[in-house]
Amino acid sequence: MDLGITDKVAVVTGGARGIGLAIVQRLMEEGCRTVAVDIDPSAASNLPDGAIFMACDVSDEQQCEQLVRDVDQQVGSLDILVNNAGIQSTLTLAEATVEDWERVLKVNLTSAFILSKLVVYDMKRRGWGRIINIGSMAGKVGGLTVSASYAGSKAGMMGLTKSVARTAAPQVTCNIICPAFISTAMTSSVTKAEYSRQIPVGRLGTCEEVAAAVAYLASTWTGYMTGEVLDLNGGMLMD
Ligand SMILES: NC(=O)c1ccc[n+]([C@@H]2O[C@H](COP(=O)([O-])OP(=O)(O)OC[C@H]3O[C@@H](n4cnc5c(N)ncnc54)[C@H](O)[C@@H]3O)[C@@H](O)[C@H]2O)c1
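Criteria and thresholds
- Residues numbered from 1 in each chain as written.
- Predicted model: local features only at pLDDT ≥ 70, side-chain atom pairs only at ≥ 80, totals over all residues.
- Heavy atoms only, no water.
- Core = buried A, V, L, I, M, F, W, Y, C linked by side-chain atoms within 4.5 Å.
- Buried < 20%, exposed > 50% of the residue type's maximum accessible area, 1.4 Å probe, protein only.
- Helix = DSSP H or I, 4+ residues; strand = E, 2+ residues; numbered from the N terminus.
- Contact = heavy atoms within 4.5 Å.
- 1 Å grid on protein atoms, 1.4 Å probe; cavity = no way out; pocket = protein on both sides within 12 Å on 5 of 7 lines; lining within 4 Å.
- Points joined across faces, edges and corners; volume = space filled by probe spheres on them.
- Nonpolar A, V, L, I, M, F, W, Y, C, P; charged D, E, K, R; others polar.
- Pairing = 2+ DSSP bridges.
- Axes fitted to C-alpha atoms, helices over the stretch in contact; angles between N-to-C directions.
- Near = heavy atom within 4 Å.
- Polar contact = N/O pair within 3.5 Å; in protein donor to acceptor, adjacent residues only side chain to side chain.
- Areas by Shrake-Rupley, 256 points an atom, 1.4 Å probe, with all protein chains shown as cover.
- Sits in = over half its atoms within 2 Å of the grid points.
- Expected span 1.5 Å × (residues − 1).
- Arc of directions from axis to C-beta.
- Salt bridge = Lys/Arg side-chain N within 4 Å of Asp/Glu carboxyl O.

(A) Region of interest: the nonpolar core. By size, the foremost hydrophobic cluster in this structure holds 34 residues, and its most contacted members are V71, L81 and I131. Breaking this core down by element, the ones donating at least two residues are β1 (9-13), β2 (33-38), α2 (61-74), α3 (98-126), α5 (148-168) and β6 (172-179). For this core, the element with the most residues is α3, which contributes eight residues. If we ignore the near neighbours within four places in the chain, the residues touching L81 are V11, L115, S116, V119, M123, R130, I131 and I132. Membership of the second largest hydrophobic core comes to 29 residues, among which are L27, L47, I134 and L217.

Take a look at the structure:
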C-alpha cells in the first residue's frame, strides 16, 4: 500500500536508538526525508545511510527552536513530527524527588508540548501535517516497573495529544501510540518469563511493530483519525 508520504520531511526525536531508530528506518523506506534527532551524538553512527542527524536536547526550548529552524533551512518544511524521545525512572514513590519528577516530565512531556507548538501552525498554514506521540500503557494503568513520574508523563501525553488534535484540525492530525514491553534497551531488565504469561500474544513487541503503526498514522490514509490513543501491547490491556 502506498502511504502517500514520499518526499515528506519527517523529524523523529530520540531517533538514534531503539524504537526511534526503527521509526527513522521505516519512514525512510516510505520515501520520507527523515531527520533523526537525539541528545546523544555518538548514537548517530547507528543510523542508516541517507538519514540526517541533528543533535538536540528536546527538553530545552531554545535547542528545539534552533532545531526547527535548522530542519526548515537544511531539509525543508516539516510535515511529520514524531515525539518519541523518552527516559525512564524506576524510583519508587518513596525514593522519588521533585528533581526526578521534573527531569522525566521535561524530557517525556514538555518536549512534545514545545515541539508541537513550534510546528503545528506552520503545518496548518501549509494544509497538511502529522504529529505522532509515543506514550505508554503506563500512562493508562500506572507504572508496572517504572516510576510515577514516567506514568504521569505518559498520561499527560494523552491529554496533550487530544488538545493538540483539536487545535491542529482540520488540516493536521495528532495521535498517540501507547506501547508496552517493546524489546529495547529500556526493557532489557524485563525477563521473558516474567511478562510473557501476562501478554496474550506471548512475547515482547518489536521496534518495527511500533514503527509500522507510526507509518500508518503518518500516511495520507488516516486524515479522519485524530486525538486517537492507539494501544500496542500484545493484548495486555484491552480497553
Ligand atoms: N521500550 C518499551 O517497552 C516502551 C514502552 C512504552 C513506551 N516506550 C516509549 O518509547 C519511546 C522510545 O523508547 P525506547 O525503548 O526506544 O528507549 P531508548 O532508551 O532505547 O531510546 C530513547 C532515545 O531517546 C534519546 N533521548 C533521551 N533523552 C533525550 C533528550 N532530552 N533529547 C533528545 N533525545 C533524547 C536517547 O538518547 C535514546 O536514543 C520512549 O518515549 C518510551 O517511553 C517504550
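(B) Layout of the layout of surface pockets. Reported here for the largest pocket is a volume of approximately 950 Å³. Around the largest pocket, the lining comprises 43 residues; the ones closest to its centre are G86, I87, Y150, T184 and M186. Its residues assigned to classes, the lining of the largest pocket shows 22 nonpolar, 16 polar and five charged.

(C) Layout of the sheet that holds β6. Spatially, the seven strands line up as an open sheet ordered β3-β2-β1-β4-β5-β6-β7, and their pairing is parallel. With partners counted over all chains shown, the strands left at the sheet margins are β3 (52-55) and β7 (229-232), one partner each. Direction aside, neighbouring strands of the sheet carry axes that sit 20 degrees apart on average. α3 contacts β1, β4 (80-83), β5 (129-134) and β6 of the sheet and is inclined by roughly 170 degrees relative to β4.

(D) Representation of the site of the ligand within the structure. In the region of the ligand, 26 residues are neighbours, and D38, N84, Y150, I182 and T184 sit closest. The contact in question runs from an oxygen atom of the ligand to an N or O atom on the backbone of I19, over 2.8 Å. In this structure, an oxygen atom belonging to the ligand sits 2.9 Å away from a side-chain N or O atom of K154. Protein coverage of the free-state accessible area of the ligand, which is 840 Å², stands at 95%. If you map the ligand onto the pockets, it falls in the largest pocket.

(E) Molecular detail of α2. Across its 14 residues, α2 extends 20 Å between first and last C-alpha, which sits within 8% of the 20 Å expected from 1.5 Å per residue. All of the buried residues along α2 are C64, L67, D70 and V71. Looking straight down α2, one finds that the buried residues subtend no more than 125 degrees of arc, so they occupy a single side. Every exposed residue of α2 that faces more than 90 degrees away from the buried side is listed here: Q62 and Q73. Of the surrounding secondary structure, the elements contacted by the buried residues of α2 are β1, β2, β3 and α3. The backbone nitrogen of Q62 lies 3.0 Å from a side-chain oxygen of the residue at the head of α2, namely D60.

(F) Examining the pattern of salt bridges more closely. For the coordinates displayed, the defined rule picks out eight salt bridges. Between D100 and R103 there is a salt bridge; the shortest N-O distance is 3.1 Å. Note that D100 and R103 are positioned in helix α3 at a spacing of three residues, about one turn of the helix. Residue classification places D100 among the buried residues on the basis of a relative accessible area of 7%. In this structure R103 comes out as partly exposed when scored by relative accessible area, which is 43%. Residues R126 and D122 are paired through a salt bridge, measuring 3.2 Å at the closest nitrogen-oxygen approach. Highlighted residues: R126 and D122, both in helix α3, separated by four residues, approximately one helical turn. For R126, a relative accessible area of 35% gives the class partly exposed. For D122, a relative accessible area of 27% gives the class partly exposed. Several salt bridges share partner residues, and in doing so they unite D79, D122, R125 and R126 into one network.

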